Structures are given as structure tokens and as C-alpha cells.
Amino acid sequence: MWDNETTFSNRQTLADGPSETAVDVGPDDIGLGEPVYLQVSLSNGASGALEVTVETGDAPDLSDAVTLVTYHVAESVLKHGGTVLAAPVPTGCRRYLRLQYDGASGGTVTAGLVQGAQTSGMNR
């Protein structure tokens, strides 16, 4: 289930570049305490391997963004669509988070923060 306030991309066409939305996670580091997960799903297959970079910053436009972590998703995982990434958000978060997509093309991506790992139907 997706919450509009914690959604980075909602059926966004997958292409190199940033998620359509930055998420305000508040002043506390959400990487501490109970795990919060990043979930990335494709509505249909994509070609090429995908890199998903999580950026964080204090400015709403992320003009001060730094890379928190980069996840690599193999083309074999992407080609069928579905949930392609479910990973805990690491420590070091500032107020805002955004995703950068790189490498894969085709398909549409929905990505957001969820409580607990939502791995049902996850392609491996």
C-alpha cells in the first residue's frame, strides 16, 4: 500500500534522472529505530540493469543532496516487472530523500517508503 506523502514515484516512466517527488521524512534520522523500507516496483518489464541511488539533504529542492546508498538491480530481475527492490533505509538520513534512477529504460516505476518489507511477488 502506498501513501502519497511517502511516494517518490507514482507510475513514473522509467528513465535516467530523479524521482518525481522528494519525500519529507522529518527532522529525525528514519534509518534509526524500527526499520523503514524503500520499495521499488515496475508495472511492466524494463531493459538494462538499474541503479537506484538514494539521496538525502536538508533543502526541500535537495540542492545540498548527498548520496546515502546506491542499489544495483540486475536486468534479469527487471524484465518481468513487479517488486524489484525492497531494502531498509540506512542511517544518515537528513530531512528530505529522493531517488535517482540510472541505466534501465522502459516500464513505469512506483517507489516509496513502507513500514516493514513488502516482498510479496518480489522478483529475485
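1. Here's the deal with the environment of Asp29
No. 1: Take Asp29: it is sitting in the loop between strand S3 (23-24) and strand S4 (36-42).
No. 2: Taking the C-alpha atoms as reference, Asp29 lies 6.5 Å from Thr91; in sequence the two are 62 residues apart.
No. 3: Residues within four places of Asp29 in sequence aside, it is in contact with Pro90, Thr91, Gly92 and Cys93.
No. 4: Within polar-contact distance, the side chain of Asp29 engages the backbone nitrogen of Gly92 at 2.7 Å.
No. 5: A polar contact is formed between the side chain of Asp29 and the backbone nitrogen of Cys93, at a distance of 3.2 Å.

2. Description of the sheet that holds S4
No. 1: Taken in spatial order, the four strands line up as S1-S9-S4-S7 in an open sheet, and their pairing is antiparallel. The open sheet has two edge strands with one neighbour each: strand S1 (7-13) and strand S7 (82-88). Sheet twist, expressed as the average angle between the axes of neighbouring strands with direction ignored, equals 20 degrees.
No. 2: One ladder, built from six bridges, connects S4 with S7; its direction is antiparallel. Note on S7: the bridge partner recorded for Val40 is Leu85.

Conventions we followed
Residues numbered from 1 in each chain as written. Predicted model: local features only at pLDDT ≥ 70, side-chain atom pairs only at ≥ 80, totals over all residues. Heavy atoms only, no water. Helix = DSSP H or I, 4+ residues; strand = E, 2+ residues; numbered from the N terminus. Contact = heavy atoms within 4.5 Å. Polar contact = N/O pair within 3.5 Å; in protein donor to acceptor, adjacent residues only side chain to side chain. Pairing = 2+ DSSP bridges. Axes fitted to C-alpha atoms, helices over the stretch in contact; angles between N-to-C directions.

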